[in-house]
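# A look at the structure
If you want the building blocks of each chain, they are given just below.
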Amino acid sequence: MAAYDKADLERRMHGAVESLKHDLGGLRTGRASTTLLEPVTVEVYGSHMPLNQVATVSAPEPRMLSVQVWDKSNVGPVDKAIRSAGLGLNPIVDGQNLRLPIPDLTEERRKELAKLVSKYAEAARVAVRNVRRDGMDSLKADEKKGEFGEDDRKRHEADVQKLTDATIAEIDAAASAKEKEILGK
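Notes on the structure in this doc start here. (Residues numbered from 1 in each chain as written. Predicted model: local features only at pLDDT ≥ 70, side-chain atom pairs only at ≥ 80, totals over all residues. Heavy atoms only, no water.)

Here the focus is helix α1 (residues 6-25). With 20 residues, α1 ought to run about 28 Å at 1.5 Å a step, and its terminal C-alpha atoms sit 29 Å apart, in line with that. Along α1, the residues classified as buried are Leu9, Met13, Ala16, Val17, Leu20 and Leu24. The arc that holds every buried residue of α1, seen down its axis, measures 90°, which confines them to one face. Exposed side chains of α1 directed beyond 90 degrees from the buried face belong to Ala7, Arg11 and His22. (Helix = DSSP H or I, 4+ residues; strand = E, 2+ residues; numbered from the N terminus. Expected span 1.5 Å × (residues − 1). Buried < 20%, exposed > 50% of the residue type's maximum accessible area, 1.4 Å probe, protein only. Arc of directions from axis to C-beta.)

Shown next, in the form of C-alpha cells:
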C-alpha cells in the first residue's frame, strides 16, 4: 500500500470533477455548444477520425452550430456521421459548410437529460469516495508501520474528509447548475 499523499488524493478527486464537467458539457441543452459534436467520428481516408480533425466546429448563433469541412470530398461523410450520431441533428449542407439548427428540447427529453446528469454526478461522487477510502487505508497502513501516531492519523483523516466534502459539494454544484440549465429554470 502506498504511503499517504495528500496531493495525490487532491489530484485524483479533482480528476473526478473534471471528468464530470466534461461529461456534462456533452449533454445537449437548448443552446448550441461545440462540445456537442466531440463524440462524432467521421469515416474518411479509410479510417475513423474525430470530427475536429476534418472540420472546424463553431457556434455562430445561440441555436446554430456551423461545421466548416476542410476537404470538399469529406462533406458527405461528415453529413452522414452527424446524422447517424444519434444527436437528433439534421445538417443543412451549404457548399463546404454544414449548418446545424439546434431543435427545442421536449419536456420528456429534458427530464431524461436531468436523470442523466444525476447519474453522472453519482458516478463522480462514487469515484471521490473511492479515493477517500484509499486515502484512509493508506493512513491506517502508515500508522501501523509506525510512520506517525494515532493523533497525526486522526488529523490527516480529518483533512481527507474535508477534501472529500469540498469535492462532493463542487460535484453537487456542477450537477445542480446543469440541471437548471436543462430544465430551463
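Moving on from the model shown.
Now for the pairing of strand β2 (residues 47-50). Two strands pair when backbone bridges link them, and strand β1 (residues 41-44) and β2 are joined in this way by 4 bridges, in the antiparallel orientation. Pairing of Val42 across the sheet is with Met49, part of β2. Hairpin geometry of β1 and β2 is characterised by an intervening segment of 2 residues between the two adjacent antiparallel strands and by a positive phi of about 50° at Tyr45. (Pairing = 2+ DSSP bridges.)

Taking strand neighbours across the sheet as the criterion, the 4 strands line up as β3-β4-β6-β5 in an open arrangement whose pairing is antiparallel. Each end of this open sheet is capped by a strand with a single partner; those strands are β3 (55-61) and β5 (92-94). Strand-to-strand twist across the sheet, computed as the mean angle between neighbouring axes with direction ignored, equals 25°. Strand direction decides the pairing type here: β3 and strand β4 (residues 64-69), joined by 5 bridges, are antiparallel. In the strand pairing of β4, Val57 is matched with Val67. Helix-sheet contacts for helix α2 (residues 75-83) involve β4, β5 and β6 (97-101), and the interaxial angle to β6 is about 15°. (Axes fitted to C-alpha atoms, helices over the stretch in contact; angles between N-to-C directions. Contact = heavy atoms within 4.5 Å.)

Attention now goes to the pattern of salt bridges. A complete count under the given rule lists 15 salt bridges for this structure. For the salt bridge of Arg11 with Asp8, the shortest nitrogen-to-oxygen distance reads 2.6 Å. One end of the pair, Arg11, and the other, Asp8, are both in helix α1, 3 residues apart, so they sit about a helical turn from each other. Note that Asp142 and Lys145 form a salt bridge whose closest N and O atoms lie 3.8 Å from each other. Of this pair, Asp142 and Lys145 both sit in helix α3 (residues 107-145), 3 residues apart, which is roughly one turn of the helix. Residue classification places Lys145 among the exposed positions, given a relative accessible area of 51%. Three or more residues are tied together by salt bridges with common partners; here these are Asp8, Arg11, Arg12, Arg133 and Asp134. (Salt bridge = Lys/Arg side-chain N within 4 Å of Asp/Glu carboxyl O.)

Within the element layout of this structure, Gly95 appears in the loop between β5 and β6. On the basis of relative accessibility, which here comes to 51%, the residue Gly95 falls in the exposed class. Remark: the alpha-carbon pair of Gly95 and Val75, spanning 20 residues in sequence, is separated by 8.2 Å.

With that settled, the discussion passes to the environment of Gly26. Tracing the chain through its elements places Gly26 in the loop between α1 and β1. Overall, the relative accessible area of 32% leaves Gly26 in the partly exposed class. Spatially, the C-alpha atom of Gly26 lies 32 Å from that of Asp5, the residues being 21 residues apart in sequence. With residues up to four places along the chain from it excluded, the contact list for Gly26 reads Thr35 and Leu36.

Everything listed here is a matter of coordinates, which is why it stays silent on function.
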